[in-house]
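Chain residues, written in single-letter form:
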Amino acid sequence: MPVALDPSLGVEVAQDAVARATKAGADCAKAIHHYRERFEVNFDTDDVTLVRSTVTDTISLTVYDETRKGSVEISGRAPDAVDAAVVQAVEAAAAGQPDPANVLPEDPAPPAESRGDIQPDKDAMIDAVLRHVRHVREAHPVLVSRDASNYAFTCSWASYANSHGRVQHARTGDYVLMVMLAAKDGPKVTSFNYAADVRDATSAELWKLPIVDALIGDTLGSFDARPVPQTFKGDVIFTPQALGTLVGSVTGALSGMSLMRKATPFLDKLGSSVAAPGFTLAHRPSALTGASAFDDEGFPNHDLPLITNGVLENFLIGWYTSKKLERSMTSGSADLLVEPGDVALDDLIARTERGILLGRYSGNMPNQNLDFSGVAKNSFYIEDGRVRFPINETMVAGNFASALEQITGISREVIDSGYQSYPWLATTGITVSTK
Amino acid sequence: MLDQLERHAGNLAPYTELRLHNNYQGTVVMTAGTLVTNSATTTGGVSARCYQDGAFGFASLPSLSDDAVPQVLRSAMDNADLLQRRSARAAGDLPEAGAGQGVFDHRTGLTAMTAAEQVDVVRAVDAYLRSSHPDLLNIDVTLSTLGIEKGLVNSVGAATYSFVPRTILYVKLSYQADDGIVDIYDVYGGFGEAHDQLRNVESLHPGLDRLYQECREKAAGVYCEPGEHDVVMDSALAGILAHEAIGHTCEADIVLGGSIAGDHVGDVVASEKVTLVDAGGRGPGGEGGIAIDVDDEGTPCRDVTIIEKGVLKSFLHNKETARIMGAEPTGNARAYKFDDEPLVRMRNTAIMPGTDKLEDMIAAVDRGYYFKRPTNGQADSTSEFMFGVGCGYEIVDGQLGRAVRDTTIAGVAFDMLKTVTHVSDDMTWSKGGMCGKKQLIPVGMGGPAIKCRIGVGGR
C-alpha cells in the first residue's frame, strides 16, 4: 500500500489545484484535499469475517466566476485529472447563479490541531476483536449477528488552500467500533440494535466500553416484548442513543440553512427560552474524540454554546450562511454534547408513573416543524416507577421542540461515544400508542 | 475497462474478484431561491477481494491505472493471510455460481445535458413554483444524477462491464400553517441520465401543481388517530413495503444474524394474494429502478421468489451465505463504491400485481386511511418494520376525507401481510430508492396498491 502522505504535501496538492484553477481563468478558487488510510476488521458473534484495507485520495475544488461558483471532486491527484476537473469546475461556475455570499475568507487561518495515531496496531485490533468475539460467544450465546460489526482505524489528512493564500492542515487518527446485535433463543428473536464508539487508542476489552455494555444488556433484556397496555399521552425517558435523534433534529433546525429557508420553529427565538431550565446543549469539539479538526473554509473547530439552561444562545452559522444571512459566523461544524443533570437514572425511572424508556427511535425523519412519529425500538415499559417489560408494536408521536420545553429531568449519568455525549433525558406530553 | 481487467484475469488465485469502479455524481441544489450547490463528483478506483479457507481479504486503491492492480491484489491477499493466521479457519471453498459475462451499458447515447442545462432545469422548476404559488414559505429543488460504472473479473471466469444511470429531481415545499410549518416532497425522474429524464421540464408542471395542492391540504389536515386501522397503501408505497417489511428480513446475512424469517421457510406468512420477488435485470415488467445482470461477485443474477402466494420460499444470497446455508448464490452481492466490499443487497424488489382496482379498495374501507407517498423506512430482525408517510388522507364511508399530517405506519410483517385483502392490478416503481446497510446503494422497489390492517402513529 502507499506510504502515509507527507503531512506538508496535502497543502501543496490543494495549492496546486487552486493555482491551476486561477490559471484557467477562475477569479478565485479553493481546494480541500483528503487522504485517508483505513484498516478494518469485520466480525460477527462467531468469528472475524473479513480484513479490509482501503485508501481514498480526493480533491474537492470550488471555483468562482465573479460570484458564481461550481465544484468538482475527483479521486486521485494525477495532473491531467486535476486539469480536467478544473475545466469542469470552471464550466460549472459559468453555469451558476450570481450570489454575493459566494466569497472566500481572506485572513490567515488559526492552526488546527492534529491528533491520534498514524498507523494502527493491527495485531492489537485483531486481538481485541477475537477477545470480544470469544467473550460474547461464551458469556452470551444467545447474541447473534452476521458480518454486521467492525473495528476500524482511519488516519485522515485534510488540507485546505484558497486563492487568497489561506491554508489549513490537520491529521486525525481514530479507532471506531461499530457493533450490531440481536438475540435469538429458539423461536424467540429480539430487535436488532447498534452502537458506535470512537477513541484515539485501541481498546482491549471492547465489550466493556459503556456503549457496548449498554447495548448487550438491553438486547439480552428484550426477549418476550409486547405492546404497552394502552395508548396514553405521557412520559418518555430518552436513552443517550434515542436522544441523538432528538438533538440531531433540533440542531438541524438551528442551522444556517434552516434560517435561510425560514422553516424552523426557532427562527425568532434567539435569546429566548426554548427548553426547560436544566437543559444545556453545546457544540463542544474539545470534549469529543471524533470531532473534525476544521470546517470546509479552514476554520478550526471551536466550542460554542447553543442552548444554555433552556435559553437559545446561538445558531450554527457557517461561513457561507453568515454571508447569506448577514449575521456573524458561529460554527461550520456540529459536535454535540448535552450537559448531565442532577438526577440518578434510577430516580428518573422511579418517579415515572407511566411511561417508556425509549431505546431507539425508528420512525419518519422529523419534519421542519420537528413533528415526529415512529416505532419505539429496544424500549421498555415503565409503570409505578419500575421498568416492567420490553415493548414492541408501540409507537411514539409528538414534537421535539415541545419535548424540549417539557423536560422533567436529566440524568447524572452520560454515555460518551466520542461522537457525542448525552445523558438520559425525561420529557412528557408524548403520545405512546399501542395497536 | 474490461480489456484492462482481462489482462490480469490469469493472475487471480486463489479465489479472487477484481473490480474497476467509477461513480459519477452530479448535484444541483436550489434552496430559498439560491443555488447553494452545483457540483460534480467522480469517485473511482480498483478493488480486490480474495478468499482462502474461509478468510476474506479486501483492499482498494483510488486509481484505475494498471500499476495499481498488482498492489491491490497483493494487499487483499495479505489481509486474507493475516486473518487466516490469526483466526484458524477451514470453511472450504465457495460454492459454484456460474461465471457472469457480458456488457450491460444502459446509456442511451443521446446528447448529454451540459452543466448549464442541468442548472437551468433546477432554476426552471424553482421559478415555476415561485411564480405559480407565491404563498409557499420555501422551495427546495435538488437534481441528483448518479452513474455507476463497473468492470469485474474473477478467478472463476466472470468478465463483465456495466453502466447504470439514475436521475432524481427532488422537490420539497414548505408552507406556514396556522399551527406550524408543514412540508411535503415528491421525487421525479428515475432510471436513466438527466437527458433521458428531464428534457421537458414543462411536463413536470401538473405534478408540481398537485404537490402544491397536497401541501395546502396537508396544512389544513389532521393528525392520524393512533392505533391499528384499515389502510389502503397506494402503489407508490408497495415498493418500500416489499423492501422494509420482507426484503431485509429475507437477506441471508440478516437471516444468519437472527432474523425471524429463518424459522419460517415453507410457512404461510402472508395472504395468498401476496407474491413477492427480488429480481435481476430491470425486474418484473422491465421498469425497475436499477439494472443488474451480474453481481459484484461475478454471479449471474437470477430472480428470487421470496413469497409465493403467501408462502415463504427462499432468501437472497451471496456466495458466503450460500456456502453457510447450503443454498445457491442468487446474484445479490453488491458494492456501492470502489472501496466497498460486496454485501447481500436487494435488487428490484416487488410485490406482484393482483386483480383489484384502487377505487374499489378505497370504497371497501368504512373508516381508515389512504396513504399516498412514503418517506424513509426501516426493517428489523423481528420483521417489525416501519416507514414514514408524507402524504395521505382519511377514508370515511369509502370516500377520501381530510388530508393527514406526517405519520408512520408499522407492523410485524408476517402478521400484517396476512391481513391483506386486496392487491391492485397496477404497479409503480420507486424513482429513487436508496438503501443503507453499512453502505448506501440504489435499489428498485415496486408493487401495486394494497389494502390491509396496520398500525398508524398519531396523536
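These notes cover the structure that comes with them.

## Section: the overall build of chain B
Link 1 in the chain: Scanning chain B from N- to C-terminus turns up ten helices and 24 strands.
Link 2 in the chain: Taking 2.2 N^0.38 as the reference for a compact globule, 459 residues should give roughly 23 Å; the C-alpha atoms of chain B span a radius of gyration of 23 Å, in line with that estimate.
Link 3 in the chain: Structurally, chain B occupies a C-alpha span of about 65 × 55 × 35 Å along its principal axes.
Link 4 in the chain: Counting 41 positive and 62 negative side-chain charges, chain B places the averaged centre of each group 2 Å from the other.

## Quick word on the state of the cysteines
Link 1 in the chain: Within this structure, the stated rule accounts for zero disulfides over all chains.
Link 2 in the chain: No disulfide involves C452 of chain B; its sulfur sits 14 Å from that of C224 of chain B, the nearest cysteine.

## Comments concerning empty space enclosed by the protein
Residues and elements named next belong to chain B.
Link 1 in the chain: Under the defined criterion, the tally for this structure stands at five cavities of 30 Å³ or more.
Link 2 in the chain: Approximately 310 Å³ is the volume found for the largest cavity.
Link 3 in the chain: Surrounding the largest cavity, 25 residues form its lining, K150, S162, V164, A291 and I292 being those nearest its centre.
Link 4 in the chain: Mapped onto the lining of the largest cavity, the elements with two or more residues apiece are β5 (138–154), β6 (159–177) and β22 (439–442).
Link 5 in the chain: In terms of residue count, β6 provides more of the lining of the largest cavity than any other element does, six residues in total.
Link 6 in the chain: Each residue belonging to the lining of the largest cavity can be placed in one class, and the counts come to 15 nonpolar, four polar and six charged.

## Points about the nonpolar core
Link 1 in the chain: V129, Y151, L177 and I237 of chain A together with L18 and V46 of chain B are the most contacted members of the largest nonpolar core, which totals 68 residues.
Link 2 in the chain: Looking at this core, the element that brings in the most residues is helix α2 (residues 68–86) of chain B, giving nine residues.
Link 3 in the chain: Core analysis: the next-biggest nonpolar cluster, separate from the first, contains 53 residues, I246, A270, I307 and V420 of chain B among them.

## Regarding the interface of chain A and chain B
Link 1 in the chain: Taken together, the contact between chain A and chain B spans 82 residues of the former and 81 residues of the latter.
Link 2 in the chain: Applying the counting criterion to the chain A and chain B interface returns eleven salt bridges.
Link 3 in the chain: With a closest N to O distance of 2.0 Å, R86 of chain B and D127 of chain A form a salt bridge.
Link 4 in the chain: Of all the elements, strand β2 (residues 48–65) of chain A adds the most residues to the side of chain A that touches chain B, at ten residues.
Link 5 in the chain: Among the residues forming the side of chain A that touches chain B, the class breakdown is 29 nonpolar, 34 polar and 19 charged.
Link 6 in the chain: Pairing geometry for β2 of chain A and strand β3 (residues 55–61) of chain B, over five bridges, is parallel. Following the sheet pairing, S53 of chain A is matched in β3 of chain B by A59 of chain B.

## Concerning the sheet that holds strand β10 (residues 304–308) of chain B
Residues and elements named next belong to chain B.
Link 1 in the chain: Strands sit in the order β11-β10-β9-β14-β23-β20 across an open sheet of six strands; the sheet is mixed. In this open sheet, the two strands that pair with only one neighbour each are β11 (311–312) and β20 (428–429).
Link 2 in the chain: Of the strand pairs in this sheet, strand β9 (residues 276–279) and β10 are connected by three bridges, and their pairing is antiparallel. Residue D278 lies in a different strand from β10, and its bridge partner there is V304.
Link 3 in the chain: Its contacts with the sheet place helix α6 (residues 235–247) against β9, β10, β14 (348–351), β20 and β23 (444–447), and it is angled at close to 120° to β23.

## Notes on the side chain of T34 of chain B
Link 1 in the chain: Residue position: T34 of chain B is located in strand β2 (residues 34–52).
Link 2 in the chain: Judged by its relative accessible area of 6%, T34 of chain B is buried.
Link 3 in the chain: Only 3.1 Å separates the side chain of T34 of chain B from the side chain of K324 of chain A, close enough to count as a polar contact.

## Concerning the pairing of strand β24 (residues 450–456) of chain B
If a strand is regular, its side chains alternate between the two faces of the sheet.
All names here are of chain B.
Link 1 in the chain: When you tally the buried positions in β24, you get six out of seven residues, the bulk of the element.
Link 2 in the chain: Bridge analysis of strand β8 (residues 227–233) against β24 gives seven bridges, and the strand direction is antiparallel. Bridge assignment links M233 to a residue of β24, and that residue is I450.
Link 3 in the chain: In the sheet, strand β18 (residues 407–412) pairs with β24 via two bridges, with the strands oriented antiparallel. Residue A410 lies in a different strand from β24, and its bridge partner there is G455.
Link 4 in the chain: Across two bridges, strand β19 (residues 422–423) lies against β24 in antiparallel orientation. Bridge assignment links H422 to a residue of β24, and that residue is K451.

Rules of the game
Residues numbered from 1 in each chain as written. Chains lettered and ligands numbered in written order. Predicted model: local features only at pLDDT ≥ 70, side-chain atom pairs only at ≥ 80, totals over all residues. Heavy atoms only, no water. Helix = DSSP H or I, 4+ residues; strand = E, 2+ residues; numbered from the N terminus. Rg over C-alpha atoms; globule rule 2.2 N^0.38 Å. Lys, Arg positive; Asp, Glu negative; His and termini not counted. Charge placed at Lys NZ, Arg CZ, Asp CG, Glu CD. Disulfide = S-S within 2.5 Å. 1 Å grid on protein atoms, 1.4 Å probe; cavity = no way out; pocket = protein on both sides within 12 Å on 5 of 7 lines; lining within 4 Å. Points joined across faces, edges and corners; volume = space filled by probe spheres on them. Nonpolar A, V, L, I, M, F, W, Y, C, P; charged D, E, K, R; others polar. Core = buried A, V, L, I, M, F, W, Y, C linked by side-chain atoms within 4.5 Å. Buried < 20%, exposed > 50% of the residue type's maximum accessible area, 1.4 Å probe, protein only. Contact = heavy atoms within 4.5 Å. Salt bridge = Lys/Arg side-chain N within 4 Å of Asp/Glu carboxyl O. Pairing = 2+ DSSP bridges. Axes fitted to C-alpha atoms, helices over the stretch in contact; angles between N-to-C directions. Polar contact = N/O pair within 3.5 Å; in protein donor to acceptor, adjacent residues only side chain to side chain.

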